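Given next are the chains, with one letter for each unit.
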Amino acid sequence: MPGLYFHIPFCKQACHYCDFHFSTNLSRISDLVDAIVKELLLQKEYLADKKINSIYFGGGTPSILEQQHLDKIFEQIHNLYKLDTSCEITLEANPDDLTKTKVAALIKSGINRLSIGIQSFDDPVLKFLNRAHNAEMALSALDNVRNAGFKNISLDLIYAIPGQDHDAVKKNIEMAMRFTPEHLSAYSLTIEPKTVFGNWSLKDKLTPVDEAINAEQFEIISSHLIGYGYEHYEISNYCKPEYYSKHNSSYWKQEPYLGIGPSAHSYNKESRQFNISNNASYLKSIAQNKVPYQRETLTRENMINEFVFTTLRTIWGCDLNKLQDEYQFNLHDHRKKYLEELMANELVTLNNQVLRLTQKGKLLADQISLDLML
Ligand code: SF4
C-alpha cells in the first residue's frame with residue numbers, strides 16, 4: 001500500500017553534521033504549509049491506489065509545526081485519500097519542541113508515532129553536534145511523550161562521534177532503554193561536504209572516527225539492543241517485535257510513495273521525482289500551479305540495482321527468485337564467483353534463494369551492494 005511523505009524544511013539551528021534540506025529562516029512556515037496543501041492537490045493523480053498505510057512528516061524539523069498547520073494538511077489528506085485503519089502516522093520531533101502542550105496537540109492531530117532526534121544524552125556531545133537541545137530536555141521530552149500516552153516511539157542516536165568512547169555509547173543505550181522505545185535507529189556519524197564538520201575536516205580540525213572503532217561501536221549497539229529484545233531488522237534500525245517502521249519498510253520493499261514539499265522524493269515503481277531543494281523557488285512555482293520537480297524514468301538496470309541495494313540491508317534479505325520473476329535477472333549466475341567468495345568469507349548466507357548479510361557482512365553492506373550492482 002502506498003505512503004505519503006512530507007518534507008518540512010525548517011530548523012531552529014543547523015546541526016554541524018547535517019546536509020538535509022532546511023532553512024533556519026522560520027518566517028515562511030505558514031506559506032509553506034499552504035503550498036504543501038496545494039501540492040497535494042496538484043499531485044493527486046500520482047498514486048494509483050488511494051488507500052494509504054503510512055504518512056511520514058520528515059525534515060527539517062516537523063515538530064516546529066503548530067496544530068493548525070497539521071490540521072490543514074490532514075484535512076487535505078482526508079479529502080484526497082482513504083487511510084488504512086492501521087495507517088502509521090509518524091512525525092519527526094526534536095526534544096526541545098516536545099513540551100506537554102505540543103505533545104497533546106500532536107496526539108489531537110492524529111500523529112500516532114514519534115521519531116525523536118535524541119542523538120545523545122551527553123551535553124558536551126550535543127553541544128559539539130550543535131543540537132538545539134540538551135540532555136535534560138531530552139529526558140523531559142521522553143517523559144512528556146510517554147505520560148501523554150504515545151505507544152509507538154522511535155529514538156535516533158548517533159555513534160562514532162570523535163571523542164566519544166565505547167562507554168559513552170553504552171551509556172546512551174542504557175539511557176534510551178529507560179523509556180523502552182518501540183523502535184531505535186542508530187546512525188554512525190558521517191562527515192558530509194558542505195557542512196560545518198565537512199569544513200572542519202578539510203581544514204584538519206576534525207578527524208573522523210577510525211573504521212575499526214566505528215565497527216566496534218556498531219557491535220556494541222547491536223549486541224546490547226538484541227540483548228534487550230530488539231530485532232536488528234535493517235543495518236541502522238532496531239525494533240521490538242512487529243514494530244518495524246512502515247515508512248522505512250515501504251522504501252525497502254519498493255512500495256510507491258508520494259513526497260510533498262521542497263526536496264521531497266516520490267517513487268511509483270516506474271520513475272522517481274525530485275522536488276526542488278529551495279524553499280523560495282518551491283513556493284513561487286506552486287503559486288503558479290506547477291510542481292517544481294525533475295523526473296527520472298527508471299531503467300531495468302536501475303530497478304535491479306535498487307532492489308539489490310535496498311533489500312540486502314534488511315533481515316528479509318534479497319530474494320533471488322523475486323529478482324528473477326520481476327526483472328528476469330539471475331543474480332546467482334551473474335555474480336556466481338563473487339557470491340561464493342562472500343559466503344566463504346562468512347559475509348553473506350544464501351538459503352532458499354534468499355541472500356542475507358551476516359553480522360560481519362553488515363559492516364560492509366555498501367561495498368557488497370555496490371559490487372553486486374549492474
Ligand atoms: S534538526 Fe535535523 S534536519 Fe535540522 S539541522 Fe539538525 S539534523 Fe538537520
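Small disclaimer: the values here were computed from a predicted structure and weren't measured.

The rules we used
Residues numbered from 1 in each chain as written. Predicted model: local features only at pLDDT ≥ 70, side-chain atom pairs only at ≥ 80, totals over all residues. Heavy atoms only, no water. Helix = DSSP H or I, 4+ residues; strand = E, 2+ residues; numbered from the N terminus. Expected span 1.5 Å × (residues − 1). Buried < 20%, exposed > 50% of the residue type's maximum accessible area, 1.4 Å probe, protein only. Contact = heavy atoms within 4.5 Å. Polar contact = N/O pair within 3.5 Å; in protein donor to acceptor, adjacent residues only side chain to side chain. Near = heavy atom within 4 Å. Nonpolar A, V, L, I, M, F, W, Y, C, P; charged D, E, K, R; others polar. Pairing = 2+ DSSP bridges. Domains from an automatic or database assignment. Salt bridge = Lys/Arg side-chain N within 4 Å of Asp/Glu carboxyl O. Core = buried A, V, L, I, M, F, W, Y, C linked by side-chain atoms within 4.5 Å.

### A look at helix α8 (residues 211-227)
Over its 17 residues, α8 runs 24 Å from end to end, which matches the ideal 24 Å to within 8%, given 1.5 Å per residue. Along α8, the residues that are buried comprise Asn214, Gln217, Phe218, Ile220, Ile221, Ser222 and Leu225. Tucked inside the fold, the buried residues of α8 contact β5 (153-159), α6 (166-177), β6 (183-188), β7 (231-234), β8 (237-239) and α15 (359-362). N-capping of α8 is provided by Asp210, with a side-chain oxygen placed 3.0 Å from the backbone N of Ala212.

### Quick notes on the site of the ligand
Contacts to the ligand come from Cys11, Gln13, Cys15, Tyr17, Cys18, Phe22, Gly60, Thr61, Asn94 and Arg131. Counted by class, the shell around the ligand contains five nonpolar, four polar and one charged residues.

### A word on the sheet that holds strand β14 (residues 348-351)
Reading across from one edge, β13-β15-β14 is the order of the three strands in this open sheet, with antiparallel pairing throughout. Both edges of this open sheet fall to β13 (318-319) and β14, since each of them pairs with a single strand only. In this sheet, strand β15 (residues 354-357) lies alongside β14 in antiparallel orientation, the contact comprising four bridges. By the bridge assignment for β15, Val348 is matched with Leu357.

### Structural notes on the domain arrangement of the protein chain
Along its sequence, the protein chain is organised into domain 1 (3-252) and domain 2 (300-372). The centre of domain 1, based on its C-alpha atoms, is set 29 Å off from the matching centre of domain 2. In this assembly, 14 residues from domain 1 lie in contact with eleven residues from domain 2. On the surface where domain 1 and domain 2 come into contact, there are one salt bridge. Between Arg313 and Glu234 there is a salt bridge whose closest N-O contact spans 2.8 Å. The tally of links from domain 1 across to domain 2 stands at four residue pairs in polar contact (both at pLDDT 80 or more). Of all the secondary-structure elements, those providing two or more residues to the side of domain 1 that touches domain 2 are α8, β7 and α9 (246-252). Grouping the constituent residues of the side of domain 1 that touches domain 2 by class yields seven nonpolar, four polar and three charged.

### Focus on the nonpolar core
In this structure, Phe6, Ile55, Phe57, Ile73, Leu114 and Leu323 are the most contacted members of the largest nonpolar core, which totals 87 residues. With seven residues, the top contributor of residues to this core is helix α1 (residues 29-42). Of the domains in this structure, domain 1 (3-252) and domain 2 (300-372) are the two that each give at least three residues to this core. Cys15, Tyr17, Leu129 and Ile158 belong to the second-largest nonpolar core, a separate cluster that totals twelve residues.

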